[in-house]
Amino acid sequence: EERILYVEAERRNIQVTDLEVETYLDMGGGETSDDPDLQAWREIEARQRLMVQKLQEQVIREQAPPTDDEVVDYATEHGDRLLPEQPLEIRALQLESMTQAKRVHRDIRRKRITFNEAALVHDPSPGQALPLQRSWDSLSSELREALKDLKPGQISEPLELHGSIYLFQVGSWLKDPADQDVELLRRAKTELESIRRRDALEELIASLRK
């Protein structure tokens, strides 16, 4: 699929600058190779991935936003799931090792990169680091302990769960009923937009396969 999307990005003449390639490679945290052929291949691979990302962003921007009525209908139908009791919004980023997680955590705390930028580079499955809505009681005791003192926007220390290493970011804590109503509509709109973007990308891939 990535190869198909890359060919389409070429057909649309999507451009990536040398600075964008350099920034992408720097964010990856990998060491520069002394082998010029290997380094050249890494730059080519980075350029291709950035072209695919720009193509996907282009397709997403073409999607019309959901209307207010559509958002309300979706919120009514999926409210229990979108905004459970004692609602909390979190994001989870899986890292390869505790060493890598500590480095990424340090870079985010020092404002060298944002959580979004770290997710772009290190997310093993695109979309995995999207916001998730959970009730506090549904979280494990380890995760509750890691998140209990965090304010919206803050990230946890690296945490090992079920053999994998994660960083978590708190999106929001909701207590006031009025805030919850507003947040429910926001989450409904966000999820509707996400579904439409996913469908648009799937339709693009299907049409390119044909």
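In this text, all values refer to a predicted model and were calculated from it rather than measured experimentally.

Some thoughts on the side chain of E89
Now for step 1: Structurally, E89 can be placed in strand β1 (residues 87–95).
Now for step 2: In terms of polar contacts, E89 uses its side chain to reach the side chain of R186, at 2.7 Å.
Now for step 3: Sequence-distant contacts of E89, defined by excluding residues within four places in its chain, comprise P131, L132, Q133, Q169, V170, G171, S172, E183, R186 and R187.

Description of the confidence of the model for the chain
Now for step 1: On average, residues of the chain score 85 in pLDDT, and 89% of them are at 70 or above.
Now for step 2: Between the elements of the chain, mean pLDDT differs from a low of 76, seen in strand β2 (residues 132–135), to a high of 94, seen in helix α1 (residues 2–11).

Notes on a nonpolar patch on the surface
Now for step 1: Nonpolar side chains collect at one region of the surface, where L38, W41 and I44 lie side by side and expose about 280 Å² of accessible area between them.
Now for step 2: The exposure class of L38 is partly exposed, given its relative accessible area of 34%.

Quick word on unusual backbone geometry
Now for step 1: Phi at N13 takes a positive value of approximately 60 degrees, unusual for a residue other than glycine.
Now for step 2: Relative to the helices and strands, N13 is located in the loop between α1 and α2 (18–27).
Now for step 3: In this structure N13 comes out as exposed when scored by relative accessible area, which is 55%.
Now for step 4: In this structure, K111 is a non-glycine residue whose phi angle is positive, near 65 degrees.
Now for step 5: As for its position among the elements, K111 is in the loop between α5 (98–109) and α6 (115–122).
Now for step 6: Residue K111 is classed as exposed on the basis of its relative accessible area of 74%.

Some remarks on α5
Because an α-helix completes one turn every 3.6 residues, residues spaced three or four positions apart along the sequence face the same direction.
Now for step 1: Helix length check: α5, at 12 residues, gives a terminal C-alpha distance of 16 Å against a target of 16 Å (1.5 Å per residue), a fit within 8%.
Now for step 2: At the exit of α5 stands K111, carrying a positive phi of roughly 65 degrees.

What counts, and where the lines are drawn
- Residues numbered from 1 in each chain as written.
- Predicted model: local features only at pLDDT ≥ 70, side-chain atom pairs only at ≥ 80, totals over all residues.
- Heavy atoms only, no water.
- Helix = DSSP H or I, 4+ residues; strand = E, 2+ residues; numbered from the N terminus.
- Polar contact = N/O pair within 3.5 Å; in protein donor to acceptor, adjacent residues only side chain to side chain.
- Contact = heavy atoms within 4.5 Å.
- pLDDT = per-residue confidence, 0-100.
- Patch = residues over 30% accessible without salt bridge, like charges linked within 9 Å, V, L, I, M, F, W, Y side chains within 5 Å.
- Areas by Shrake-Rupley, 256 points an atom, 1.4 Å probe, with all protein chains shown as cover.
- Salt bridge = Lys/Arg side-chain N within 4 Å of Asp/Glu carboxyl O.
- Buried < 20%, exposed > 50% of the residue type's maximum accessible area, 1.4 Å probe, protein only.
- Expected span 1.5 Å × (residues − 1).

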